[in-house]
Amino acid sequence: MRFLHFAISVFPKRRPDTLILSPASRYSLALQESGEQSHWCVVAYWEEKTRVGRLYSVQEPSLDIFYDLPQGNGFCLGQLCSDNKSQLVQMVRAKIGYGIQLTREPDGVWVYNRSCYPIFIKSATLDNPDSRTLLVHKVFPGFSIKAFDFDKAGSLQRPNDHEFTQQPRTGFTVQISFVKGWGQCYTRQFISSCPCWLEVIFNTR
């Protein structure tokens, strides 16, 4: 597997347009039956192989994901209860800082790295649809990347090839690791070995 270090320096302006994207199908159905507004994605936070806290549902076009208050309005990872005592996990937690910003634009979903350390992203729409494996993309602090492309997603035969996912085969997901990369060029072969990472689960229905 080869790796691509890639980033885009211009972060797009927010737009108020709305697009319906989803978590697991039964989760979306429960929301519809309860009469709640549709979510365009949900976010799961993981520490190694353990999910920490509940799924965070996203309705607004933009979401900040950070560690400590008051570093944004959105998903504060530091407020979640974790029993992980690993020194590496605690070290990476301390480096998340301002974290990332997810923004849904008409052309796709952008991820902006607001932290002081690199983040690593794996997404089916970032790569050649004919490739056998997906690349892990490194995004440096202050840069952004279109992590999910709506047009490309419609033509893909397989949503994911992630080896570890909260909702396997139910839809498109993007995996994001803070500070530590994974794959062939790193000591960690799988994202489930990364100390702190996110799974963004889209609603494409």
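Residue indices begin from 1 for each chain and proceed along its sequence in written order. In keeping with the model being predicted, local features are shown solely for residues with a pLDDT of at least 70 and side-chain atom pairs are shown and tallied solely at 80 or more, while totals for entire chains, interfaces and linings include all residues. Hydrogens and waters are ignored; side-chain quantities use all the structure's heavy atoms.

Put simply, two rings from Phe, Tyr or Trp (the six-membered ring, in Trp's case) pair if the centres are within 6.5 Å, and we call them stacked under 30 degrees between planes, edge-to-face over 60, tilted for the rest. The full count for this structure, using the stated rule, is seven aromatic pairs. Aromatic pair W40 and F202: ring centres 6.4 Å apart, planes at 20 degrees, arrangement stacked. In this pair, W40 sits in the loop between α1 (25-34) and β2 (41-47) while F202 sits in strand β12 (residues 197-202), placing the two residues 162 residues apart along the sequence. With respect to class, W40 is no different from F202; both count as buried. Counting from the N terminus, the helices are DSSP H or I runs at least four residues long and the strands are E runs at least two residues long. Throughout, exposure labels follow a simple rule: accessible area from a 1.4 Å probe, protein chains only, divided by the maximum for the residue type, with under 20% read as buried, over 50% as exposed, and the rest as partly exposed.

All right, on to the nonpolar core then. Among buried residues, the Ala, Val, Leu, Ile, Met, Phe, Trp, Tyr and Cys ones that are joined through side-chain atoms within 4.5 Å form a nonpolar core. Of all hydrophobic cores here, the largest spans 39 residues; its most connected members are V43, I121 and F178. Other than its neighbours up to four places away in sequence, F178 contacts L77, V92, I96, G99, I100, P118, I119, C196 and L198. Residues W46, F120, C194 and W197 belong to the second largest nonpolar core, which totals eight residues. What makes two residues a contact is simply this: any of their non-hydrogen atoms within 4.5 Å.

Another aspect to go through is the pattern of salt bridges. Think of it this way: side chains of opposite charge can pair up when their charged atoms draw near. Salt bridge criterion: a side-chain nitrogen from Lys or Arg within 4 Å of a carboxyl oxygen from Asp or Glu. With the rule as written, the count across this model stands at three salt bridges. One salt bridge connects R93 with E47, and the closest N-O pair in it is separated by 2.8 Å. Taken together, the residues span a long stretch of sequence, with R93 in helix α2 (residues 87-96) and E47 in strand β2 at a distance of 46 residues. With a shortest N-O distance of 3.4 Å, K146 and D107 are connected by a salt bridge. Taken as a pair, K146 in strand β10 (residues 144-149) and D107 in the loop between β6 (100-105) and β7 (108-113) lie far apart in primary sequence, 39 residues in all. Linked by salt bridges that have partners in common, D107, K146 and D149 make up one network.

Counting buried residues along β2, seven of its seven residues qualify, which places the element largely inside the surrounding structure. The alternating pattern of β2 places C41, V43, Y45 and E47 and V42, A44 and W46 on opposite faces, both of which are buried. Only when DSSP finds a minimum of two bridges between them are two strands counted as paired. Here β2 folds back onto strand β3 (residues 50-58) in antiparallel fashion, the turn holding two residues, of which E48 has a positive phi close to 55 degrees. Sheet analysis places β2 next to β12, joined by six bridges and oriented antiparallel. The residue bridging A44 from the neighbouring strand is E199, located in β12.

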